[in-house]
Amino acid sequence: MTDLTDQHIGTPPPLFAASLLYLIAFVGTASLVIGLGQGIESGLVRFVAALIFAGGGTVLALALSQTALATILGRGLHLWQFVWCIGIGVLLWLPATWILYVATYGLTVGVGALATPQPLTDAARPAIVALQLGVIVPLCQGIFMWGFFQSAAGRLGRGRGAILAAFLFGLFGLVATEFGMAAIPAWWLVGGFAAYTSYATRSAWGGIALAGGWGAVRPLIERTQAEFDLFYWLGGERQNDPGQLFEGRWLLAAAFLGFLAFAALQVIRVLNSPDIGSQTTSAKNPPQKSVWWLPLAAAFVFTIFLGYGEISLRALNNLRPQPIPDGTTTIPPLAPTEAPPP
């Protein structure tokens, strides 16, 4: 068992440095995806971006700010807590997938469609992709968001820092996935759970484990008989009708698993309740100067710019609703038509 203590080692990083790191990681990931996305498999590009900007950027920021890695990671977790957090992430997969499908369908109906994402396992074995999305990427993004940023944002109050980290994690889904704006609501859901888990446990490992459980499900289930049976059961006779996302088994399954994930989160909260008493900044964490928000404002402007570009691209495509996944791939339910000639 890992001994749990309530002591941080050293002083958390400056909030301005965390905001600047977020801006660099956001713009860098978007630039790499846009620049290389046409010639290289998109999943590989995003994996490399996570290594360079989320993981590598955090390591560099730690060195420049002279912050110890143990400071941003917080205390250790018992093995059962770590496994419990992974289980919460697994439970969130279906509710987050439902939100992703609904957002994709809404954007396609309201604006237009994007190119259909390719299955994750076309070019690699599921175990390799699961290792990437279930271990390496959550670790890189975890030390970045639940470690460096959330610990720095704790200077505003631990609760406020968790909310800010969850919000920014959702926006990061715009550039960190192939689903564009449709990914943001699902990433807000997962980010909210992960940020609160890290808040409740005083450990970035809680958020990392939760995100790892969530990220590993898709590559392990995609294009398998289990996925086929699941989507056949959820879709029933209306399996090929996107409207069935709002009826029957889909709603019940998403709501029930979401409730189980929330209940499991309460176990973490209750068992760590003595640690959630104070949200005031200590003498060790003095209030920040007002300029800390400037990099985040720049990132938000860049988000609007990317969102406008996506809307413009969607508007070029004709609207043509397609069936929801029939068990052959866990991609959103709609595919675009060709853009009309100029």
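Residues numbered from 1 in each chain as written. Predicted model: local features only at pLDDT ≥ 70, side-chain atom pairs only at ≥ 80, totals over all residues. Heavy atoms only, no water.

A. Quick look at the confidence of the model for the protein. Chain-level pLDDT for the protein is 84 on average; 80% of the residues reach the 70-or-more range. Mean pLDDT values over the elements of the protein span from 86, in helix α9 (residues 225–235), up to 97, in helix α7 (residues 183–201). Note that residues 322–328 has pLDDT below 50 and, in this model, 30 contacts with residues that lie over four places away or in other chains. (pLDDT = per-residue confidence, 0-100. Helix = DSSP H or I, 4+ residues; strand = E, 2+ residues; numbered from the N terminus. Contact = heavy atoms within 4.5 Å.)

B. Representation of the environment of Ala 152 in the model. Note that Ala 152 resides in helix α5 (residues 126–153). According to the relative accessible area criterion, Ala 152 is buried, its value standing at 0%. Spatially, the C-alpha atom of Ala 152 lies 9.0 Å from that of Ser 19, the residues being 133 residues apart in sequence. If sequence neighbours within four positions are ignored, Ala 152 has contacts with Pro 13, Pro 14, Leu 15 and Ala 18. (Buried < 20%, exposed > 50% of the residue type's maximum accessible area, 1.4 Å probe, protein only.)

C. Here's a closer look at helix α6 (residues 158–176). With 19 residues, α6 extends 26 Å between its outermost C-alpha atoms, agreeing within 8% with the 27 Å of an ideal straight helix rising 1.5 Å per residue. Among the 19 residues in α6, 16 count as buried, and that is most of the element. (Expected span 1.5 Å × (residues − 1).)

D. Representation of the packing of α6 against α7 within the structure. Contact geometry of α6 with α7 gives a least axis separation of 7 Å together with a crossing angle of 145°. Where α6 crosses over α7, the handedness of that crossing is right-handed. Facing Arg 158, Gly 159, Ala 162, Ala 166, Phe 167, Phe 169, Gly 170, Leu 171, Phe 172, Gly 173, Leu 174 and Ala 176 of α6, the residues of α7 in contact are Ala 183, Ile 184, Trp 187, Trp 188, Gly 191, Gly 192, Ala 195, Ser 198, Tyr 199 and Ala 200. Of the residues belonging to the contact of α6 with α7, the class tally is 15 nonpolar, 6 polar and 1 charged. (Axes fitted to C-alpha atoms, helices over the stretch in contact; angles between N-to-C directions. Left-handed = near helix turned anticlockwise from the far one by under 90°. Nonpolar A, V, L, I, M, F, W, Y, C, P; charged D, E, K, R; others polar.)

E. Geometry of unusual backbone geometry. With phi around 55°, Gln 66 is a residue other than glycine that occupies positive phi space. Inspection of the secondary structure puts Gln 66 in the loop between α2 (42–65) and α3 (69–73). Judged by its relative accessible area of 76%, Gln 66 falls in the exposed class. Although it is not a glycine, Arg 202 adopts a positive phi angle of roughly 55°. Mapped onto the fold, Arg 202 is located in the loop between α7 and α8 (204–221).

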